[in-house]
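As a plain string of letters, each chain reads:
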Amino acid sequence: MSLSEIVKADYFDFLRFPTVSADPARDQTMRDCASWLEKKFGEMGLEAEIVATAGAPVVLAKWSKGGSGKRRKVLIYGHYDVQPAEMGDGWTGDPFEPRMLDGMVVARGSTDNKGQIFAHMLGVAEAIREGGAATDVIFVVEGEEEVGSDNLEGVLRARKDDLKCDVAIISDTNMAGPNRPTLTYGLRGIAALEVELTGPSHDLHSGVYGGAVVNPITVLTRLLAGLHDEKNRVAVPGFYKKVRKVAAWERLAAKNLKVSDAEVQRQAGSPALAGEPGFSAIERIGMRPTAEINGITGGYQGPGPKTVLPSKASAKLTFRLVPHQDPREIARLVERDLKKRCPKTVKIKVTPQHGGFPYFCDPKKGFGPAASRALSQAWDGKKVHYLLEGGTIPIVSVIKKVLGVETLLVGLSLPDCRAHGPDETFPIGYLERGAKMNRALLREISEV
Ligand code: BES
Ligand code: ZN
């Protein structure tokens, strides 16, 4: 087998683990995948170990040149867990049996995040084979990113000495488009909540009681509709209070991405766009905070009709946040607003879930210019784009807080890769490209 065939076979093995962190039945799968990573890192010449947590294990793997010379050290983060994937969601094949389609690998996790972290592993392995990486490195690969990274902060704190580094790098974000190298300089944060309303103590016959007894679904839909005003702005009092004003260069950088509203609409496959007035789609996604209803449940959802007046109704909500919003404060504001607007005719329960802080790092400072140079080199001298990402990687702000370093977000995913969706893909050629970028980045960082 040629090297590239071995690489592809390894990548496919990685993808075959159905590491769905949201599914408690996958406990053993998570441990198996962590062991596979530990072994792979070992074969690549790194010293790997598995750190157990209350949830999925974390894999640490380090390589250092040794000796007494002062060298830079880089932390490379990734996650081996993936979002749920079911045939019923629209997959055209088994999500955990990778296959090739026009140069793209189709499988759950192919881009988010297995392909992207694997590219960095390949870069470091290559460098070690050729005599050593340009900096010391420590990989941190966790299995709970898609459920909020609850246990990773503890590991960072417990292993603070081992994880001491000059800067972190992460490929878990989008590029502006195919072959358009991109440095992401900010991420949105998140506050997740669940709200449950209870009306009658049990489901009732809607003919016998309807019209006389409160229907919790009706009340819930009113409450949820009130999360936005008629202009599509979030209507929770105090929600925008701490939102930072973006600089003029940032709006220019957003414009230079040349991602039109029509392009965003095409990617989404949606008949229309919606959002805050005064901002382009790409600005709404990167620069503005939002309220989203992610799921709503209540009453009868089976086939055919059922005349029931339900006892309960509930919804899952998330709020995407921008600097300097605090997820705990936002969760409190939302809870207060929902409780205040909820009529006394139903019982309301609001349960805060995971949260993550937004992140911002000026790309013109620190290691930012080094990252720009490396990205450009890896993409044959192409101009680098600067992006504010709408998604969240909770650990980035924790890395800053606990280890005191910034993170360079150098993602390899494409907007069309369908992360979290059916038939997720990753261009197979980006493994090699990513490995090249990794090596250029370590080199540039070593020279700062
Ligand atoms: N890779 C994503 C974050 C992301 C998505 C960055 C799109 C850039 C573009 C990450 O794996 C993710 O999905 N994060 C979750 C975190 C949440 C569950 C706390 C997210 O953003 O929903
Ligand atoms: Zn994800």
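Up top you'll find the structure we're talking about.
Rules behind the numbers
Residues numbered from 1 in each chain as written. Chains lettered and ligands numbered in written order. Predicted model: local features only at pLDDT ≥ 70, side-chain atom pairs only at ≥ 80, totals over all residues. Heavy atoms only, no water. Pairing = 2+ DSSP bridges. Helix = DSSP H or I, 4+ residues; strand = E, 2+ residues; numbered from the N terminus. Axes fitted to C-alpha atoms, helices over the stretch in contact; angles between N-to-C directions. Buried < 20%, exposed > 50% of the residue type's maximum accessible area, 1.4 Å probe, protein only. Lys, Arg positive; Asp, Glu negative; His and termini not counted. Salt bridge = Lys/Arg side-chain N within 4 Å of Asp/Glu carboxyl O. Contact = heavy atoms within 4.5 Å. Donors = N, O, S within 2.8 Å, 3.2 Å for Na, K, Ca; no water. Left-handed = near helix turned anticlockwise from the far one by under 90°. Nonpolar A, V, L, I, M, F, W, Y, C, P; charged D, E, K, R; others polar. Patch = residues over 30% accessible without salt bridge, like charges linked within 9 Å, V, L, I, M, F, W, Y side chains within 5 Å. Areas by Shrake-Rupley, 256 points an atom, 1.4 Å probe, with all protein chains shown as cover.

Student: Sorry, what's going on with the sheet that holds strand β18 (residues 425-427) here?
Tutor: Hydrogen bonds between backbone atoms are what pair the strands of a sheet, whose relative direction is either parallel or antiparallel. Judged by pairing direction, the sheet is antiparallel, and its three strands sit side by side in the order β4-β5-β18 without closing on themselves. What marks the edges here is a single partner per strand, and that holds for β4 (99-101) and β18. Put simply, the sheet's adjacent strands are angled 35° from each other on average, direction ignored.

Student: Looking at this model, I keep getting lost on the side chain of Glu144. Mind explaining?
Tutor: When you line up the elements, Glu144 lands in the loop between β6 (136-142) and α4 (152-158). The buried charged residue Glu144 lacks any salt bridge, with Arg31 as its nearest oppositely charged partner at 10 Å. Other than its neighbours up to four places away in sequence, Glu144 contacts Ser21, Thr53, Gly55, Ala56, Asp81, Ser149 and Asn151.

Student: Is there a simple way to think about the coordination of the zinc ion (ligand 2) in this case?
Tutor: Angles at a metal have ideal values that depend on geometry: 109.5 degrees with four tetrahedral donors, 90 or 180 degrees with six octahedral donors. Every protein donor of the zinc ion (ligand 2) is accounted for by Asp112 (OD), Glu146 (OE), Glu146 (OE) and His420 (NE2), and the metal-donor separations fall at 2.0 to 2.6 Å. Taking relative accessible area as the criterion, Asp112 reaches 10% and is therefore assigned buried.

Student: Help me out: how do you make sense of the side chain of Glu283 in this one?
Tutor: For Glu283, the position within the fold is in helix α10 (residues 281-287). Those residues within four positions of Glu283 in sequence are excluded, and the remaining contacts are Arg251, Ala254, Gly278 and Arg288.

Student: When you look at the packing of helix α12 (residues 368-378) against helix α14 (residues 429-447) in this model, what are you seeing that I'm missing?
Tutor: When two helices pack together, their arrangement is given by the angle between their axes and by how far apart the axes lie. Two elements in contact, α12 and α14, have axes whose closest approach is 8 Å; the angle formed by their N-to-C orientations is 145°. At the point where α12 passes α14, the crossing takes the right-handed sense. Residues Ala370, Ala371, Arg373, Ala374, Leu375, Gln377 and Ala378 of α12 form the contact with α14, whose own contacting residues are Arg433, Lys436, Met437, Ala440, Leu441, Arg443, Glu444 and Ile445. Looking at the contact of α12 with α14, its residues break down into nine nonpolar, one polar and five charged.

Student: Where do I start with a nonpolar patch on the surface in this structure?
Tutor: A surface patch of nonpolar side chains, about 340 Å² in accessible area, is lined by Met1, Leu3 and Ile6. Here Leu3 is to be found in helix α1 (residues 3-16).

Student: Which parts of the structure should I look at to understand the sheet that holds strand β14 (residues 347-356)?
Tutor: Taken in spatial order, the four strands line up as β11-β13-β9-β14 in an open sheet, and their pairing is antiparallel. Looking along the sheet, the strands with just one partner apiece sit at the ends: β11 (290-298) and β14. Sheet twist, expressed as the mean angle between neighbouring strand axes with direction ignored, is 15°. Both strand β9 (residues 189-198) and β14 contribute to a ladder of eight bridges, which runs antiparallel. Bridge pairing in β14 places Leu197 opposite Ile348. Against the sheet, helix α7 (residues 216-225) engages β9, β11, β13 (312-321) and β14, with an angle of about 15° to β13. Of the strands in this sheet, β9, β13 and β14 touch helix α11 (residues 327-341), which is tilted by about 165° from β14.

Student: Whenever I open this one, the pattern of salt bridges confuses me. Can you help?
Tutor: Side chains bearing opposite charge may pair, as long as their charged atoms lie close to each other. Taken as a whole and assessed by the stated rule, the structure comprises 34 salt bridges. Arg71 is the partner of Asp136 in a salt bridge, and the nearest nitrogen-oxygen pair spans 2.9 Å. Residue Asp136 is found in strand β6, and its partner Arg71 is found in the loop between β2 (58-63) and β3 (73-79); the two are separated by 65 residues along the sequence. A salt bridge links Arg266 to Asp416; the shortest N-O distance between them is 3.1 Å. Of the two residues, Arg266 sits in helix α9 (residues 261-268) while Asp416 sits in the loop between β17 (407-409) and β18, which places them 150 residues apart along the sequence. Classification of Arg266 as partly exposed rests on a relative accessible area of 48%. Salt bridges sharing partners connect three or more residues here, namely Asp10, Lys39, Lys40 and Glu43.

Student: How should unusual backbone geometry be read in this particular structure?
Tutor: Most peptide bonds take the trans form, and the phi angle of most residues other than glycine is negative. Note that the residue after Asp112, namely Asn113, is joined by a cis bond; omega there is 10°. By the secondary structure assignment, Asn113 is in helix α3 (residues 110-129). That bond from Pro323 to His324 is cis: its omega, 5°, falls within 30 degrees of zero. Along the chain, the position of His324 falls in the loop between β13 and α11. One non-glycine residue with positive phi stands out, namely Asn232, at about 75°. For Asn232, the position within the fold is in the loop between α7 and α8 (248-256). You will see that Arg418, though not glycine, has its phi angle at about 60°, which is positive. Along the chain, Arg418 turns up in the loop between β17 and β18.

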